[in-house]
Amino acid sequence: DASGTAVANAEIFVFQQDFGMPQVTQTNASGTFSVSIGNSGSYQFGIRKDGLPSFQSFFELRDSKVFFNGADVTSAGLTIVISKPDYYISGKVLDSSDNPVTYAPVIAVGSNGSPTFAQTDSSGNYTLYVSNGTYTVRVELPPSTEICGSFSKTVTVSSANMTSQNIEQAETSC
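All figures in this text were calculated on a predicted structure; none of them were measured in a lab.

(A) Spotlight on the overall build of the protein. Per the secondary structure count, the protein includes zero helices and 13 strands. Order of helices (α) and strands (β) in the protein, N terminus to C terminus: β-β-β-β-β-β-β-β-β-β-β-β-β. Among the 174 residues that make up the protein, the fraction classed as buried is 30%. Pairs at least 24 residues apart make up 50% of the contacts formed inside the protein by residues separated by at least 6 positions. Carbon and sulfur atoms form 45% of the exposed surface of the protein, whose accessible area is close to 10100 Å².

Right, here's the structure in full:
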């Protein structure tokens with residue numbers, strides 16, 4: 001992160017552009033990871049950690065060397081810094097009977113279109129780290145769950161944390 005602290009258990013994906021499924025791994029306790037890539041070409045990679053902004057970029061593999069932003073980073077490695085924003089949106093996700101919705105994905109999309117991800121805990125609580133701005137906060141449940149309907153809320157952050165931003169099920173029909 002911006003303070004130099006390693007980000008453990010961040011999800012990393014890497015895939016060759018226009019080809020196949022991504023390779024997915026996680027960073028270890030020291031924030032490092034490794035993937036095996038054999039084919040030369042252009043690759044997309046990304047980092048996702050609940051509560052932090054996601055990061056996506058590209059690198060190129062040619063002649064057994066890795067190039068990022070035009071520079072050969074094969075020997076030095078690549079350090080990506082993810083900055084935790086200054087503020088957060090927090091609350092609970094509740095169904096139509098005011099019961100907590102546990103382990104549900106929560107997404108905040110700002111006016112610039114950039115998403116931030118989180119997941120509710122065993123009590124339905126969530127926290128999303130964001131900057132100043134207006135966000136559409138929504139819950140996306142897979143169709144296989146017993147709970148369905150619309151879950152979303154608009155939240156404006158203006159130089160302060162926004163707590164108790166409960167998201168309640170707006171409709172109960174699927």
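Having seen the model, we can carry on.
(B) Structural context of the sheet that holds strand β1 (residues 11–16). Across the sheet, six strands lie side by side as β2-β1-β3-β4-β5-β6; this open sheet has antiparallel pairing. Edge positions in the sheet fall to β2 (23–26) and β6 (71–72), since each has one partner strand and no second. By the bridge criterion, six bridges tie β1 to strand β3 (residues 41–48) in an arrangement that is antiparallel. Its bridge partner being in β3, F13 is matched across the sheet by G46.

(C) Layout of the packing of aromatic side chains. The final tally for this structure, using the stated rule, is five aromatic pairs. Ring centres of F45 and F59 lie 5.8 Å apart, and the angle between their planes is 55°; this geometry places the pair in the tilted category. Note that F45 is positioned in strand β3 and F59 in strand β4 (residues 55–62), a separation of 14 residues in sequence. In terms of burial, F45 and F59 fall into one category: buried. Residues Y88 and Y129 carry aromatic rings whose centres are separated by 6.1 Å and whose planes lie at 65° to one another, so their mutual orientation is edge-to-face. Remark: Y129 occurs in strand β10 (residues 125–130) and Y88 occurs in strand β7 (residues 87–94); sequence separation between them is 41 residues. Residue classification places Y129 among the partly exposed residues on the basis of a relative accessible area of 23%.

(D) Geometry of the environment of G113. Position of G113 relative to the elements: it lies in the loop between β8 (105–110) and β9 (115–119). For G113, a relative accessible area of 46% gives the class partly exposed. The spatial distance from the C-alpha of G113 to the C-alpha of Y135 is 9.2 Å, given a sequence separation of 22 residues.

(E) The arrangement of the pattern of salt bridges in detail. In the structure shown here, the tally under the stated rule is three salt bridges. Ionic pairing is found between R48 and E11, a salt bridge with its closest N-O pair at 4.0 Å. Residue R48 is located in strand β3, and its partner E11 is located in strand β1; the two are separated by 37 residues in the primary sequence. Classification of R48 by relative accessible area gives partly exposed; the value is 29%. We classify E11 as partly exposed; its relative accessible area is 33%. A salt bridge links D72 to K65; the nearest nitrogen and oxygen atoms lie 4.0 Å apart. Under the relative-accessibility criterion, D72 is labelled partly exposed at 40%.

(F) Seen up close, unusual backbone geometry. At D98, a position not held by glycine, the phi torsion is positive, near 65°. You can see D98 is positioned in the loop between β7 and β8. With a phi close to 55°, S164 is a non-glycine residue in the positive phi region. Tracing the chain through its elements places S164 in the loop between β12 (152–157) and β13 (167–168). The exposure class assigned to S164 is exposed, which follows from its relative accessible area of 59%.

Rules used in this analysis
Positions within a chain are numbered from 1, following the residues in the order the chain's sequence is written. Whole-chain, interface and lining totals are the exception, using all residues; otherwise, since this is a predicted model, local features are given only for residues with pLDDT of at least 70 and side-chain atom pairs are given and counted only at 80 or more. For side-chain calculations, the full set of non-hydrogen atoms in the structure is used, while hydrogens and water are omitted. Numbering of helices and strands runs from the N terminus; a helix is a DSSP stretch of H or I covering at least four residues, while a strand is a stretch of E covering at least two. Here the term buried applies to any residue with accessible area under 20% of the maximum for its type, exposed to any over 50%, and partly exposed to those in between, with areas from a 1.4 Å probe on protein chains only. The criterion used for residue contact is that any of the two residues' heavy atoms lie within 4.5 Å. Here, Shrake-Rupley sampling with a 1.4 Å probe gives the accessible areas, and only protein chains in the shown set may cover a residue. Strand pairing is assigned whenever DSSP detects at least two bridges linking the two strands. Only Phe, Tyr and Trp rings take part, Trp by its six-membered ring, and two of them pair if their centres are within 6.5 Å. Stacked means planes under 30 degrees apart, edge-to-face means over 60, and tilted covers everything else. Basic side-chain nitrogens of Lys or Arg form a salt bridge, by our definition, when they fall within 4 Å of a carboxyl oxygen of Asp or Glu.

These results come straight from atomic positions and should not be treated as a statement about function.
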